[in-house]
Structure formats: structure tokens, C-alpha cells
Amino acid sequence: MRLERLSSDQFKIFLTFDDLVDRGLTKEDLWRDLPKMQALFHDMMYEASDELGFELEGVLLVQVHVMQAQGMLIIVTQSQIEDEEDEEDFIEMKVTLDESKELIFLFQSFEDLIQLAIHLDQVGITGGTVYSFEGNYYMELTDEEVLDVNREHIIAILSEFASPSILTSHRLIEYGNTIMSQDAVKQLTKYFAK
């Protein structure tokens, strides 16, 4: 489980499916076993609170983005709404759950993209689409582009150089810039890898 504070009232948690298994849960439990999921969220909130020094109180807005074969990205925002009764130690979680079928990763630098491309080329992947949006780079790989390789292995390689993205390709196409619309790995290795 990875934790990152985003602001004074918001943090994110990235939980891989291996982390879920370690906690005795499966991907299917996300949709079917509400008591188990509630217990998981409570545990995660308190772990995050301890590790990040985040004071949990009032209403927590929890957005859960389930990413295909990658895990869950959870964004937690503490609502500024004051409880009329002003109860202490009162926490209410409002959870929204979203499942993405896309394999999109966010890169902090173009150099990370180049390094990733070198590794993906070595395992036979040449495709991909690269976008830029709000100062970051994104790579999308379709199911067809990773069909003949071990998907978990590819996700492990991607995770070394990037973070899972909660943005969809539709948003990136509409608001970002498409840098390489196809064969991104092939182009990156051809023009930038030495």
C-alpha cells in the first residue's frame, strides 16, 4: 500500500491486488462483500491517518478507482461540511466506486517514458499511445498490445517508471495533447534510446 498526501484535506492510497490478497480479499469482494470492504476502508483510513498525520473527522469523500489488473487508486477528501451536532470522533464515509478497463500510466518526465520504452521493447511490446496533459506524460496500452505477454509482468515494468493513472483516454484525447498516436514504444526506442 502506497500513501501520498495531496493537500491539507486530501490524500491518496494506491493498493495493488496483491495488497488485497494479503488482507484476505479478492477483486470480486470489491463488488460483492460490503462488510469486508467497509472493514478494509476503515483500516486503510486509520493507517493513512497514522502515517500521514491526517486528522480524520467529519465526512470523508472516498473515490475508489479500480484499474484493470493494477489495483485500486483511492482518493480521500475530508469534507468541509460541519456537522450540526458537532459530534466528536464522528466519521462518515461516502464511497464512490469506478472500474476502468484501460491500462494508462502517468509519468513525471519524458526520460521515464524513454526508459520504460527500452524495457517494453525488450519483452516484445512496440505499441502504445503517449499523451501530455497538465505537465505530465501518459502512456496507454490496449489489451491487443499486451495480449501475447504476461500482463502482471508488464504492469510491474510500468510501475517501476510510472504511477497508475485515474484519467481515461477520452479525457486525455479531449483535453491533453496526443504526442504519439500509435507504436509509441517503437518510436521512443528508435528516436531516443541510445
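Residues numbered from 1 in each chain as written. Predicted model: local features only at pLDDT ≥ 70, side-chain atom pairs only at ≥ 80, totals over all residues. Heavy atoms only, no water.

## So, the overall build of the protein chain
Next, step 1: Each helix and strand in the protein chain was counted, giving 7 helices and 10 strands.
Next, step 2: Taken across its 194 residues, the protein chain has 43% of its residues classed as buried.
Next, step 3: Put simply, the protein chain shows about 11100 Å² of open surface, and 45% of that area lies on carbon and sulfur atoms. (Helix = DSSP H or I, 4+ residues; strand = E, 2+ residues; numbered from the N terminus. Buried < 20%, exposed > 50% of the residue type's maximum accessible area, 1.4 Å probe, protein only. Areas by Shrake-Rupley, 256 points an atom, 1.4 Å probe, with all protein chains shown as cover.)

## As for unusual backbone geometry
Next, step 1: One non-glycine residue with positive phi stands out, namely E134, at about 50°.
Next, step 2: Relative to the helices and strands, E134 is located in the loop between strand 7 (129–133) and strand 8 (136–141).
Next, step 3: Residues other than glycine seldom take positive phi values, yet D183 does so here, at roughly 50°.

## Overview of the pattern of salt bridges
Next, step 1: What the rule picks out here adds up to 2 salt bridges.
Next, step 2: Here E4 ties to K12 by a salt bridge, and the two come within 3.6 Å at their closest N and O atoms.
Next, step 3: For E4, a relative accessible area of 39% puts it in the partly exposed group.
Next, step 4: For K12, a relative accessible area of 23% gives the class partly exposed.
Next, step 5: The salt bridge partner of E47 is R23, with a shortest N-O separation of 3.1 Å. Of the two residues, E47 sits in helix 3 (residues 34–52) while R23 sits in the loop between helix 1 (17–22) and helix 2 (29–32), which places them 24 residues apart along the sequence.
Next, step 6: Residue classification places R23 among the partly exposed residues on the basis of a relative accessible area of 31%. (Salt bridge = Lys/Arg side-chain N within 4 Å of Asp/Glu carboxyl O.)

## Thoughts on helix 3
Next, step 1: With 19 residues, helix 3 extends 26 Å from end C-alpha to end C-alpha; this agrees with the ideal 27 Å at 1.5 Å per step.
Next, step 2: By the burial criterion, the buried members of helix 3 are M37, L40, F41, M44, M45, A48 and S49. Buried residues along helix 3 cover an arc of 165° about the axis, so they all sit on one side. In helix 3, the exposed residues that point more than 90 degrees away from the buried face are P35 and D50.
Next, step 3: G53, located one to two residues past helix 3, shows a positive phi value of around 65°. (Expected span 1.5 Å × (residues − 1). Arc of directions from axis to C-beta.)

## As for the environment of D112
Next, step 1: Position of D112 among the secondary structure elements: in helix 4 (residues 110–122).
Next, step 2: The partly exposed category is assigned to D112, whose relative accessible area is 23%.
Next, step 3: In this structure the C-alpha to C-alpha distance between D112 and Y137, which are 25 residues apart in sequence, comes to 9.3 Å.
Next, step 4: Leave out the neighbours within four places in its chain, and D112 touches F107 and F161. (Contact = heavy atoms within 4.5 Å.)

## Quick notes on the side chain of T189
Next, step 1: Residue placement: T189 occurs in helix 7 (residues 184–191).
Next, step 2: Within the local environment of T189, its side chain forms a polar contact with the backbone oxygen of V185, the two atoms lying 3.0 Å apart.
Next, step 3: Each residue touching T189, except ones within four places of it in the same chain, is listed here: A117, I118 and D121. (Polar contact = N/O pair within 3.5 Å; in protein donor to acceptor, adjacent residues only side chain to side chain.)

## A word on the pairing of strand 3 (residues 58–67)
Next, step 1: The buried count for strand 3 comes to 8 of 10 residues, which makes it a mostly enclosed element.
Next, step 2: Judged from the 8 bridges that link them, strand 3 and strand 4 (residues 71–78) form a sheet pairing that is antiparallel. By the bridge assignment for strand 4, L60 is matched with Q78. (Pairing = 2+ DSSP bridges.)

## Side note on the sheet that holds strand 9 (residues 163–164)
Next, step 1: Here 5 strands make up an open sheet; going across it, the order is 9-6-8-7-10 and the pairing antiparallel. Edge positions in the sheet fall to strand 9 and strand 10 (177–180), since each of these pairs with one other strand and no more.
Next, step 2: Sheet analysis places strand 6 (residues 103–107) next to strand 9, joined by 2 bridges and oriented antiparallel. Each bridged residue has a counterpart across the sheet, and for L106 the counterpart in strand 9 is S163.
Next, step 3: Here helix 5 (residues 151–161) sits on the sheet and contacts strand 6 and strand 8; the angle it forms with strand 6, its principal contact strand, is near 20°. (Axes fitted to C-alpha atoms, helices over the stretch in contact; angles between N-to-C directions.)

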